[in-house]
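Next come the chains, spelled out residue by residue.
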Amino acid sequence: MVKLKDIADQVGVSVSTVSRVINHDVSRSVNEDTRNRILEAAHTLGYKTNKLGKTAKGKRDAAMPGFHVGCVVAVPQNKYNHPYFSIILEGVERGLSSQGYRLEFIHSMATGDDLSDLQRLVKDHGVDGMIVVEGIQPEAYHWIKKNVRAVVGIDISDHEVPVIAYDRVAAAKAAVAHLIAKGHREIGFVGGPGRYGDIQREKRFRGFQHAMVEAGLAIDPDWIINVNWDVSQSYERMKEAFSSQGKRPTAFFCASDMMAIPAMRAATEQRLRIPEDVAFFSVDNIELSQFTSPPLTTIHVPKMEMGMIAAGTLLDYLNRRYTIPVKIWVPHELKLRHSTGDHS
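It should be emphasised that the depicted structure is a prediction, and the values quoted were computed from it without experimental measurement. (Residues numbered from 1 in each chain as written. Predicted model: local features only at pLDDT ≥ 70, side-chain atom pairs only at ≥ 80, totals over all residues. Heavy atoms only, no water.)

Draft legend 1. Representation of helix α1 (residues 4-11). The complete set of buried residues in α1 reads L4, K5, I7, A8 and V11. Down the axis, α1 shows its buried residues gathered within 160° of arc, on one side only. On its buried side, α1 packs onto α2 (15-22), α3 (32-45), α4 (85-97) and β2 (103-108). (Buried < 20%, exposed > 50% of the residue type's maximum accessible area, 1.4 Å probe, protein only. Helix = DSSP H or I, 4+ residues; strand = E, 2+ residues; numbered from the N terminus. Arc of directions from axis to C-beta. Contact = heavy atoms within 4.5 Å.)

Draft legend 2. Just the packing of aromatic side chains, in detail. Within the structure shown, the criterion is met by 10 aromatic pairs. Where F189 meets F205, the ring centres are 5.1 Å apart and the plane angle is 90°; that geometry is what we call edge-to-face. Of this pair, F189 sits in strand β6 (residues 187-191) while F205 sits in helix α8 (residues 203-214), and the two are 16 residues apart along the sequence. For F205, a relative accessible area of 2% corresponds to the buried category. Look at F189 and F208: their rings are 5.4 Å apart centre to centre, the planes differ by 45°, and that puts the pair in the tilted class. Placement of F189 in strand β6 and of F208 in helix α8 is noted, with a sequence separation of 19 residues between them. (Phe/Tyr/Trp six-rings, centres within 6.5 Å; stacked < 30°, edge-to-face > 60°.)

Draft legend 3. Layout of the nonpolar core. Ranked by size, the top nonpolar core spans 90 residues in total, and within it I7, I131, V133, F208, F252 and F280 carry the most contacts. Ignoring anything within four residues of it in the chain, the contact list for I131 reads G70, C71, V72, V92, V152, I154, A310, A311 and L314. Core analysis: the second largest hydrophobic core is formed by 21 residues, Y141, I144, V151 and V163 among them. (Core = buried A, V, L, I, M, F, W, Y, C linked by side-chain atoms within 4.5 Å.)

Draft legend 4. Here's a closer look at the side chain of N285. Tracing the sequence through the fold places N285 in the loop between β9 (279-284) and β10 (297-300). Here the side chain of N285 touches H300 through a polar contact of 2.9 Å, side chain to side chain. When residues no more than four places from it in sequence are discounted, the contact partners of N285 are D257, T298, I299, H300, K303, K335 and R337. (Polar contact = N/O pair within 3.5 Å; in protein donor to acceptor, adjacent residues only side chain to side chain.)

Okay, structure coming up:
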């Protein structure tokens, strides 16, 4: 069975871009040349949509068994070529494919996006179940819960639906505790705000804070660097911070590898040695993290498995095998590398 990712890999674009072209989603523009290459690749690979199983009014033909599943990701499209989310989405597709289903669409939803685009996709595809990756804006989320039969979340906060997650607080705490065990006493934080726009309520910051407080260490507010989950801001803000003449931390905990990598570049451009002058520890273990210079110490998050478990859980609920909203925690693992003076 040809998947959206197969097309994305052949063309060299994100899965959501392929989904947008295949499903004629015009909520964000796609370059005409890219659109043509996607359609050509879909034809060459033999991708077929499920729309033949629906009537002209969008209702499923009774002769066509099964469920129709969509996915919403809380990531702006211009940041969607993201090695963390793409692996989760690949896991979702694999989980569905293993049971004979296909992901109907992937819709990326930035703050302020028009809800009507999502409503149209749900209606056009006759969606029975939805996987929500990260917290989307409340209006859209409430609409999904009201209008879609079954919802499963990945790393969302909702006790009313099944959720697949890793313990972000515990993961961050373990990372900072390792830095403290290595002798660091001044540790900075690089990340972005949580769901309510406050960096201090974000789970990875809370884990950082817990570790520092338990060790009796002070947190310098000047070294809590809010880069709004933006790669460019991480580089620019850290470049400014490292070029200042004040005392700087000997280590940084970064809330994601994508924030850590540009921060490391900013450090090396200021002739700071990693880890001798400043150490870095982050979260996600994207594939690129092992190829940075030096290799980045990080927390491994089982991204593929999260997507696969979410898909299986959603099908379980659609098949009414379970009714209570379970929460499934996946384990995390420290990947110790040279950016903290460790050797894998």
